[in-house]
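Structural features, examined
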Amino acid sequence: MVLGRTGRLKPAEDWFTHYWGNKPGYDAEISRVLADAFIDGLSVKDAAARYRDNPIDLPPEVRPSAFEKLRTRINRS
């Protein structure tokens, strides 16, 4: 409310992606990117530059297929 009073508060969709709908995919990709930077001996600055040039490009949400939903229901029984 307080920040909204200035009229300068804007949505952040252009800069941020809420990845919770594909958390397993993002977790794996973030781990891979960090491991590659470590293995290559990159400084934080160089790792950030590499990421800037090659950002993670995954869908923010992955919905299970009908088959996956069925398999989950069967496995719960």
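All of these numbers come straight from a predicted model, not from anything done at the bench.

A separate point is the overall build of the chain. When its secondary structure is counted, the chain shows 3 helices and 0 strands. Along the chain, from the amino end to the carboxyl end, the secondary structure elements read α-α-α. By the compact-globule yardstick of 11 Å for 77 residues, the chain is too spread out, its C-alpha radius of gyration being 19 Å. Each principal axis of the C-alpha distribution contributes one length, and for the chain these read about 50 × 45 × 15 Å. Of all 77 residues assigned to the chain, the portion counted as buried reaches 5%. Total accessible area on the chain is roughly 7300 Å²; 59% of this is exposed by carbon and sulfur atoms. For the chain, the distance from the average site of its 13 positive side-chain charges to the average site of its 11 negative ones is 9 Å.

Volume-wise, the largest pocket comes out at about 240 Å³. Residue lining of the largest pocket: W15, F16, T17, Y19, Y26, I30, Y51, P55, I56, D57 and L58, and that is the complete set.

Within this structure, the stated rule accounts for 5 salt bridges. The partner of R32 in a salt bridge is D36, and the shortest N-O contact between them spans 2.7 Å. Taken together, the positions of R32 and D36, both in helix α1 (residues 23–39) and 4 residues apart, correspond to about one turn of that helix. Through salt bridges with shared partners, a single network forms among E29, R32 and D36.

The next thing to look at is the side chain of N22. Mapped onto the elements of the fold, N22 is located in the segment before α1. Residues contacting N22, with those up to four places away along its chain left out, are L58, P59, P60, E61 and V62.

Looking at where G4 falls in the secondary structure, it is placed in the segment before α1. Separated by 43 residues in the primary sequence, G4 and A47 have C-alpha atoms spaced 35 Å apart.

Right, let's talk about the environment of Y26 for a bit. Of note, Y26 is situated in helix α1. A C-alpha to C-alpha distance of 8.0 Å links Y26 and I56, two positions 30 residues apart in sequence.

Calculation criteria
Residues numbered from 1 in each chain as written. Predicted model: local features only at pLDDT ≥ 70, side-chain atom pairs only at ≥ 80, totals over all residues. Heavy atoms only, no water. Helix = DSSP H or I, 4+ residues; strand = E, 2+ residues; numbered from the N terminus. Rg over C-alpha atoms; globule rule 2.2 N^0.38 Å. Buried < 20%, exposed > 50% of the residue type's maximum accessible area, 1.4 Å probe, protein only. Areas by Shrake-Rupley, 256 points an atom, 1.4 Å probe, with all protein chains shown as cover. Lys, Arg positive; Asp, Glu negative; His and termini not counted. Charge placed at Lys NZ, Arg CZ, Asp CG, Glu CD. 1 Å grid on protein atoms, 1.4 Å probe; cavity = no way out; pocket = protein on both sides within 12 Å on 5 of 7 lines; lining within 4 Å. Points joined across faces, edges and corners; volume = space filled by probe spheres on them. Salt bridge = Lys/Arg side-chain N within 4 Å of Asp/Glu carboxyl O. Contact = heavy atoms within 4.5 Å.

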